[in-house]
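# Remarks on the overall topology
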Amino acid sequence: MSATWIILGGSSAMARAFARALAARGDAVLLAGRDLDDLAATAADCRLRGAPMAEAVAFDARDPAGFAPILDRLAETEGEISAAVFTGSMPPQVEIDADPGLIDGVVADSFTGPARFLQALAPLIEARGRGAIVGLGSVAGDRGRLGNYVYGAAKAGFHTYLSGLRNRLGRSGAHVVTVKPGFVDTAMTWGLPGMFLVAAPDAVAQDILRAVRRRRNVIYTPGFWLLIMLIIRHVPEPIFKKMKI
Amino acid sequence: MRWKTADIAGWGRAIRARTELARPERRRDLAALALDGPAIGMRRSYGDAPLNGGGRAVDMTRLDRMLSFDAEAGLLEVEAGARIGEIAAAMAPRGWLPAVMPGTGFATVGGCIGMDVHGKNHHGAGSFGQHVAAFDLATPDGPRRITPEDAPDLFRATMGGLGQTGIVATATLRLKPAPSDVIMVTERRVEDFDEHLATLDAAEATYVVGWIDATARGRALGRGIVEEGETGRGLVPARGKARRVPVDAPGFALSAPVVRVFNEMYFRRVPASGRTLVKPIGDFFFPLDRIHDWNRLYGKRGFHQFQCVLPPDRGDELRAIVEAVATSGLASPLAVLKRMGPGRAGHLSFPAEGWTLAVDFPNRTAAAPLIRRLIGKTVEAGGRVYFAKDSLAEAGQIAAMYPELDDWRRIVAAADPDRRLVTDLVRRLDLRGAA
Ligand SMILES: Cc1cc2nc3c(=O)[nH]c(=O)nc-3n(C[C@H](O)[C@H](O)[C@H](O)COP(=O)(O)OP(=O)(O)OC[C@H]3O[C@@H](n4cnc5c(N)ncnc54)[C@H](O)[C@@H]3O)c2cc1C
């Protein structure tokens, strides 16, 4: 039987590619986010590509009070339930420096909002005894960098949360995959200076699907980022703090 | 929306241009864009049609979703960046296909409209634009829904209109019902030019195309293989994995002796008595798509394609063109001959009743003068060259080839009075004129 996936942050290019890949293999998808017009278009596309069910649902990471209808909806679906989290926001660090209040939103979008949702979803997935949770982290979460350390800190928190959730859900037969993408060719990176080896969202989606199938714990995508981050993580702090990368 | 400055090229890679690109991912991002550059798709046009050197262009490839399908009427609404091959792959299992498909599945619906493309079924089905029921056009005055009934002028000026009337945001396509898991293909050798034309003329299949050995001379001039295809149901043979050309090939890869040997083998591969095969639909419609970036086989300098269509009674002139190609020793193995019907949807549509010939040439020094000569012969024979392939025609040659040019200019001048949508091709050929 096909699974039902709830996809948080369904308007991002990576989420769209992932939803299509799921649709093509016959899974049902609920696309959650704020831009309902856009999500409805993606849902229609997923249905035409083979999803037995695809719908848009309203979700705002900063408004946990609004999560209940989605959770109720999922509780009513039969069979395997899986979730993928693509939410996150990254205002330029200079804007955050000017207005520290922005930190709350970044943390809510990238960490606490999805964590609250997953925390409420976890018992349901445990009860079904299978399913996957895919959490989009970031290479930015591996080390605090001058350019985006607030976003990086939120993602680091999310990484740790996912690691704990993996520990918990593994006991019930479900599985949690942490995905750390490098540069992906999306609206977020379009035209930014300093981008290199930019990956296509479709390639990332295929990497994620493979990781789910093989029950991988943490993946970098594209894979070579594992190496890059291995080096970056091992630069001693006295040196790292002077680097501008 | 951020603009990205990039050096881009058409599929032939012989001409490059620095262009500022926006790439909206959502419809509202597109709507919010000031219209100050033409739309471009997957840049599968060979020359300068999808370029705007020193200016801006809107990359439509991320607005690529299928939005709704009405199975009663066979009407599929899509975003203009949707690729034809993906539409075919999604709809074929439901028993539908795009009514017209060009030879690459990577072409977007917007690009198919901008060039009013034709397929292997042109003799029966006509051109792409004849199966467009409606489209949404982003114009300087805001979005407009265009149908051939309500706005026949703007509709026609947009089909084959090279992006000059506005940005097509979505389109509704009339699909054709087709039991289409597979294609039954009959391949037959034709030994010379006359037999080639006669076989194409007599072919009754839905899909017909001739591969022509553009290196064969003398009595073998014009020999090739005629393929006839019909869609059908059956066990689908698995499609092989796509491959990629990782680097630019060295110049000798497509030198004359290599091409001659390759063509000989390709010709002999089909037994003299012909054969019938069952193929996955992608393999038949988009044979080259299995090798991603195959244009790199032509090396860094890229290549040109020459494509013309000549009236049905101009067989002798066509033979002279094939002869000029064959004796030049410059042709690549990619050469196609087809019988076209009269179907066309726009003022500047390429298709016309008659014979169409397409040949690729590596961009060597002698290629451009040869192609210019071929264009001259085409004009003399009352034919025309295809804007999707051209990079060498001259402004003075266009009016003779496209008699409806003036009507088109008038409509386009009203649709884009400030000339914000001009492309390098439109500039080179002065297509917009003084209107
Ligand atoms: C291997 C191969 C085989 C081919 N076979 C065929 C064939 O059999 N028959 C045939 O007719 N052609 C064929 N072509 C040509 C190809 O179909 C056309 O060039 C087509 O236009 C490519 O689509 P694209 O999305 O790449 O458009 P582009 O090349 O990016 O753009 C083409 C034109 O369309 C305009 N345009 C693109 N999108 C929009 C939009 N959303 N709104 C308004 N205008 C837009 C552009 O401004 C430009 O003028 C072939 C090309 C290749 C590479």
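Residues numbered from 1 in each chain as written. Chains lettered and ligands numbered in written order. Predicted model: local features only at pLDDT ≥ 70, side-chain atom pairs only at ≥ 80, totals over all residues. Heavy atoms only, no water.

### Things to note about empty space enclosed by the protein
All names here are of chain B. This is how it is decided: Both cavities and pockets are sets of points on a 1 Å grid over the protein atoms alone; in a cavity a 1.4 Å probe fits but cannot get out, in a pocket the set is open with protein on both sides within 12 Å along at least five of seven lines, and lining residues sit with an atom within 4 Å of a point. Grid points are joined across faces, edges and corners, and a volume is the space filled by probe spheres set on the points. What counts as a helix is a DSSP run of H or I of at least four residues, what counts as a strand is a run of E of at least two, and both are numbered from the N terminus. Residue type decides the class: Asp, Glu, Lys and Arg count as charged, Ala, Val, Leu, Ile, Met, Phe, Trp, Tyr, Cys and Pro as nonpolar, and the leftover types, Gly among them, as polar.
Counted under the stated rule, the structure contains three cavities of 30 Å³ or more. By volume, the largest cavity is sized at about 70 Å³. Every residue along the wall of the largest cavity is listed here: His304, Gln305, Phe306, Gln307, Ile371, Ile375, Val385, Tyr386, Lys389, Asp390, Ser391 and Leu392. Put simply, the parts of the chain that give the lining of the largest cavity at least two residues each are strand E18 (303–310) and helix H10 (367–380). Counting residues per element, the lining of the largest cavity draws most heavily on E18, at four residues. Grouping the amino acids of the lining of the largest cavity by side-chain chemistry returns six nonpolar, four polar and two charged.

### Observations regarding the site of the ligand
All names here are of chain B. Formally: Any residue with a heavy atom lying within 4 Å of a molecule or strand is counted as near it. Any pair of nitrogen or oxygen atoms within 3.5 Å is treated as a polar contact; in protein, a donor-acceptor pairing is required on top of that, and neighbouring residues in sequence qualify only through side-chain atoms on both sides. Note on areas: Shrake-Rupley, 1.4 Å probe, and residue coverage restricted to the protein chains presented here.
By nearness alone, 33 residues border the ligand, and Ala39, Arg44, Ser45, Thr108 and Tyr386 come closest of all. Interatomic distance of 2.7 Å between a side-chain N/O atom of Thr108 and an oxygen atom of the ligand. At a separation of 2.9 Å, an oxygen atom of the ligand approaches a polar backbone atom of Gly111. Within the complex, 95% of the 970 Å² of free accessible area of the ligand lies under protein. Elements supplying a minimum of two residues to the shell around the ligand: strand E3 (39–40), helix H3 (109–114) and strand E10 (167–174).

### What to know about the pairing of strand E7 (residues 218–221) of chain A
All names here are of chain A. Let me state the cut-off plainly: Between any two strands, at least two bridges found by DSSP are needed for them to pair. Consider the strands pointing away from the viewer: the crossover is right-handed when the path from the first strand over the helix to the second runs clockwise.
Bridging between strand E6 (residues 175–181) and E7 involves four bridges; their strand directions are parallel. Across the sheet, residue Thr178 finds its bridge partner in E7, namely Val218. Read from E6 through helix H7 (residues 201–213) to E7, the crossover connection turns out left-handed.

### Observations regarding a nonpolar patch on the surface
We apply this condition: What goes into a patch is any residue over 30% in relative accessible area without a salt bridge, connected to like charges within 9 Å or, for nonpolar side chains (Val, Leu, Ile, Met, Phe, Trp, Tyr), within 5 Å. Each reported salt bridge corresponds to a side-chain nitrogen of Lys or Arg within 4 Å of a carboxyl oxygen of Asp or Glu. Accessible area is worked out with a 1.4 Å probe on protein chains only. A residue is then buried under 20% of its type maximum, exposed over 50%, and partly exposed in between.
On the surface, a nonpolar cluster with roughly 280 Å² of combined accessible area is contributed by A:Phe196, A:Leu197 and A:Phe224. For A:Leu197, a relative accessible area of 55% corresponds to the exposed category.

### Some thoughts on the sheet that holds strand E5 (residues 132–136) of chain A
Residue and element names in this part refer to chain A. Basically, it comes down to this: The angle between two axes is taken between their N-to-C directions and runs from 0 to 180 degrees, where each axis is a line fitted to C-alpha atoms and a helix contributes only its stretch in contact. Every residue pair with non-hydrogen atoms within 4.5 Å of one another is taken to be in contact.
Reading across the sheet, the seven strands line up as E3-E2-E1-E4-E5-E6-E7 and stay open at both edges, with parallel pairing between neighbours. At either end of the open sheet lies a strand with only one pairing partner, and these are strand E3 (54–58) and E7. Strand-to-strand twist in this sheet, taken as the mean axis angle between neighbours without regard to direction, amounts to 20°. Note that strand E4 (residues 81–85) and E5 share three bridges and pair parallel. Among the inter-strand pairings, Ala84 is bridged to a residue of E5, identified as Val134. This element, helix H6 (residues 149–169), spans E4, E5, E6 and E7 of the sheet and lies at about 155° to E6. Helix-sheet contacts for H7 involve strand E1 (4–8), E5, E6 and E7, and the interaxial angle to E7 is about 160°.

### Points about the environment of B:Val245
Residues and elements named next belong to chain B. Residue placement: Val245 occurs in the loop between strand E15 (243–244) and helix H7 (256–268). Of the residues examined, Val245 reaches a relative accessible area of 11% and is grouped as buried. When the C-alpha positions of Val245 and Ile411 are compared, they lie 43 Å apart, and in sequence the two are 166 residues distant.

### Comments concerning the interface of chain B and chain A
A common way to express how large an interface is: the accessible area buried when the components associate. Note the threshold: Buried area: the sum, over both parts, of the accessible surface (1.4 Å probe) that disappears when the two are put together.
Taken together, the contact pairs 21 residues of chain B with 24 residues of chain A. Of all residues in chain B, B:Arg2, B:Arg23 and B:Arg65 bury the most surface against chain A, accounting for 31% of the area lost on that side. Its salt-bridge partner being A:Asp185, residue B:Arg62 comes within 3.5 Å of it at the nearest N-O pair. Our count for the contact surface shared by chain B and chain A stands at 17 residue pairs in polar contact (both at pLDDT 80 or more). Residue assignment for the side of chain B that touches chain A shows that the elements contributing at least two residues are strand E2 (16–22), strand E5 (66–70) and helix H2 (84–91) of chain B. The dominant element in the side of chain B that touches chain A, judged by the number of residues it contributes, is E5(B), at four residues. Residues belonging to the side of chain B that touches chain A are distributed by class as follows: eight nonpolar, one polar and 12 charged.

### Here's the deal with the nonpolar core
We apply this condition: What we call a nonpolar core is a set of buried Ala, Val, Leu, Ile, Met, Phe, Trp, Tyr and Cys residues that are connected through their side-chain atoms within 4.5 Å.
In terms of nonpolar packing, the biggest core is built from 117 residues, with B:Phe128, B:Phe361, B:Phe387 and B:Leu431 touching the most fellow members. What B:Phe387 contacts, discounting residues up to four positions off in sequence, is B:Ala49, B:Met115, B:Leu162, B:Leu348, B:Ile398, B:Tyr402, B:Leu425, B:Leu429 and B:Leu431. A:Ile7, A:Ala43, A:Ala84 and A:Val212 belong to the second largest nonpolar core, which has 34 residues in total.

### Concerning the packing of aromatic side chains
Formally: The rule is short: rings of Phe, Tyr and Trp, with Trp giving its six-membered ring, pair when the centres are within 6.5 Å, and they are stacked under 30 degrees, edge-to-face over 60, tilted in between. Here, over-ring charges are defined by two tests on the NZ atom of lysine or the CZ atom of arginine: distance to the ring centre within 6 Å, and angle to the ring normal within 35 degrees.
Inspection of every chain in the model, using the stated rule, returns 23 aromatic pairs over all chains. Look at A:Trp5 and A:Phe18: their rings are 5.3 Å apart centre to centre, the planes differ by 85°, and that puts the pair in the edge-to-face class. Remark: A:Phe18 occurs in helix H1 (residues 13–24) and A:Trp5 occurs in strand E1; sequence separation between them is 13 residues. By relative accessible area, A:Trp5 is classed as buried at 1%. Judged by relative accessible area, which is 0%, A:Phe18 ranks as buried. Linked through ring pairs, B:Trp11, B:Tyr46, B:Trp294, B:Tyr298 and B:Phe303 together constitute an aromatic cluster. Across from the ring centre of A:Phe240, 4.0 Å away, lies the NZ or CZ of A:Arg143, which sits over that ring. Above the face of the B:Trp3 ring, B:Arg56 is positioned so that its terminal group lies 3.9 Å from the ring centre.

### A closer look at unusual backbone geometry
A cis amide bond links A:Thr221 to the next residue, A:Pro222, at an omega of -10°. Residue placement: A:Pro222 occurs in the loop between E7 and helix H8 (225–234). Phi at A:Arg215 is positive, roughly 50°, even though this residue is not glycine. Along the chain, A:Arg215 falls in the loop between H7 and E7. Unusually for a residue other than glycine, B:Asp430 sits at a positive phi of about 50°. Structurally, B:Asp430 can be placed in the segment after helix H13 (424–428). Its relative accessible area of 41% is what places B:Asp430 among the partly exposed residues.

### Comments concerning the environment of A:Thr42
Within the element layout of this structure, A:Thr42 appears in helix H2 (residues 36–48). Overall, A:Thr42 belongs to the buried group, its relative accessible area being 0%. In the structure, A:Thr42 is positioned 18 residues away from A:Ala24 in sequence and 13 Å away in space, judged by C-alpha atoms. Excluding residues within four positions of it along the chain, A:Thr42 makes contact with A:Arg16, A:Leu31 and B:Arg65.

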